[in-house]
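# Overview (structure and organization)
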Protein chains: 2
Amino acid sequence: MTRPSTETRSKLVETARDLFHRQGYTPTGIAQILKESGVNSGSLYYYFPTKEDLLVAVLEWYRDHIGDNLIDLHCGRIEDPVEKVFGLLDGYRQLLMMFEFELGCPIGALALELANSHPAARSLILVNFEQWVDTVEQFFRAVEDRLPEGTDCRALAVHVLTTMEGSMMLARTYRSTTYFDQSVTHLRNYVDSLIAQGSTWSAPKQPAGIPESLDN
Amino acid sequence: MTRPSTETRSKLVETARDLFHRQGYTPTGIAQILKESGVNSGSLYYYFPTKEDLLVAVLEWYRDHIGDNLIDLHCGRIEDPVEKVFGLLDGYRQLLMMFEFELGCPIGALALELANSHPAARSLILVNFEQWVDTVEQFFRAVEDRLPEGTDCRALAVHVLTTMEGSMMLARTYRSTTYFDQSVTHLRNYVDSLIAQGSTWSAPKQPAGIPESLDN
């Protein structure tokens with residue numbers, strides 16, 4: 001057979017990505033992917049001999065598009081790095097609202113669905129989480145001088161990620177942003193308190209010995 | 001047929017609960033539930049005409065056992081209410097370690113798997129989350145006088161839940177407690193800072209008018 005076009009490959013990845021996002025990996029059948037993409041099975045099997053190969057391609061797509069698909073879109077126009085962090089979270093909130101809570105974080109959902117059963121997918125999910133944490137860590141590093149001395153910016157970025165994932169989970173279950181907003185508000189309160197703490201001016205410590213000499 | 005014993009019913013619920021926990025709802029087949037429970041199909045269909053009926057029974061089991069299965073076990077011997085909150089989170093950490101990251105929060109995993117497709121399950125998942133939040137809210141209410149005035153104890157409990165769920169997700173993906181610990185440490189730092197803030201003694205405000213009369 002002739003080699004199917006790369007557009008055909010892209011069409012398959014895009015269709016599978018959207019179906020996995022909407023209904024999960026396991027419930028999505030090859031027949032549905034063929035039907036919704038309009039691609040024939042020969043072309044599918046040329047690029048993706050198994051459904052897991054398609055899953056890997058979807059996770060690679062997310063890995064390669066975190067910049068334009070997520071960060072640029074939600075943080076691009078924001079100047080302040082801390083506001084970028086919360087702009088990113090607001091992007092997820094918009095996703096919830098736009099699709100009436102049918103869609104959450106695609107990576108988080110696949111993480112729980114496939115953690116035990118698909119090692120190749122698990123390591124690519126991990127790469128996606130790492131990129132997300134890297135990005136948020138950079139935002140915090142840009143304001144490191146406003147945070148308390150010794151703040152672990154990477155651990156703080158991890159805390160933002162866990163708050164986002166847990167908040168998305170509750171929003172999808174409750175079909176409401178109430179708990180999402182409450183949790184993000186507490187996170188915001190925490191980050192604000194770190195900044196307030198970091199910005200408290202303290203008088204430079206006296207070099208040791210001076211009080212003694214004053215006593216003399 | 002004669003009515004199968006209630007022990008048979010319990011055996012089915014227990015087997016389904018453990019299989020759903022380990023591998024998810026969709027990948028678990030009726031045949032595997034029958035095989036692992038040792039129950040015959042007639043007895044299964046007597047109690048549970050569909051797999052979704054069994055899912056509902058599993059979620060009811062979690063709802064009815066949050067006390068003994070979770071709270072008493074991990075918080076029962078702890079006196080301080082704030083330590084109870086973190087004792088509960090430590091219980092989840094123990095679960096991760098004990099089963100080498102194969103098992104996470106059973107409710108959270110089902111929440112993401114079934115949010116769109118199973119409305120009956122979704123409302124029971126919601127009830128389970130509500131009970132969890134109720135419990136943690138009570139712990140915070142017990143120390144309300146140590147928190148800043150006007151702290152929303154329920155929203156704070158929600159924030160603990162989102163941190164737990166997100167942290168479990170990362171721990172299972174990374175097969176490591178590193179990110180779990182980092183996120184919970186930031187949560188702990190936040191709760192500690194609220195308590196420190198709530199405990200700051202402020203001089204009672206002067207009744208209005210006194211400074212003026214002093215000026216006279």
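Every value quoted in this text rests on a predicted model; they were computed, and no experiment measured them. (Residues numbered from 1 in each chain as written. Chains lettered and ligands numbered in written order. Predicted model: local features only at pLDDT ≥ 70, side-chain atom pairs only at ≥ 80, totals over all residues.)

### Focus: the interface of chain B and chain A
On the side of chain A, 42 residues touch chain B, which itself brings 41 residues to the contact. Counting only elements with at least two residues in the side of chain B that touches chain A, the list comes to α6 (106-114), α7 (119-141), α8 (153-174) and α9 (178-199) of chain B. The dominant element in the side of chain B that touches chain A, judged by the number of residues it contributes, is α8(B), at 16 residues. Class assignment of the residues belonging to the side of chain B that touches chain A gives a composition of 18 nonpolar, 18 polar and five charged. (Contact = placed C-beta atoms within 7 Å. Helix = DSSP H or I, 4+ residues; strand = E, 2+ residues; numbered from the N terminus. Nonpolar A, V, L, I, M, F, W, Y, C, P; charged D, E, K, R; others polar.)

### Section: unusual backbone geometry
All names here are of chain B. Despite not being glycine, E100 has its phi angle at roughly 50°, a positive value. Within the secondary structure layout, E100 lies in the loop between α5 (81-98) and α6. With 8 C-beta atoms packed within 10 Å, E100 lands in the exposed category. A positive phi is found at R175, a non-glycine position, where the angle reads about 50°. Within the fold, R175 resides in the loop between α8 and α9. Given 13 C-beta atoms within a 10 Å radius, R175 is considered partly exposed. (Buried ≥ 20, exposed ≤ 12 C-beta atoms within 10 Å, placed from the backbone.)

### As for the environment of A16(B)
All names here are of chain B. Along the polypeptide, A16 turns up in helix α1 (residues 6-23). C-alpha of A16 to C-alpha of Y45: the two residues are 29 residues apart in sequence and 14 Å apart in space. Beyond its immediate chain neighbours, meaning those up to four positions away, A16 contacts I33, L54 and V58.

### Quick notes on the domain arrangement of chain A
Residues and elements named next belong to chain A. What the domain assignment lists for chain A is domain 1 (1-49) and domain 2 (59-199). Between domain 1 and domain 2, the C-alpha centre-to-centre distance is 29 Å. The interface is formed by eight residues belonging to domain 1 together with eight residues belonging to domain 2. Residues of the side of domain 1 that touches domain 2, tallied by class, amount to three nonpolar, three polar and two charged. (Domains from an automatic or database assignment.)

### Quick look at the relation of the copies chain B and chain A
Between chain B and chain A, the superposition needs a rotation of 180° and an axial shift of 0.0 Å, giving an RMSD of 0.0 Å. Put plainly, the chains are arranged around a two-fold axis. Interface residue correspondence from chain B to chain A reaches 100%, placing this contact among same-surface, isologous pairings. (Least-squares fit on C-alpha atoms with pLDDT ≥ 70 in both.)

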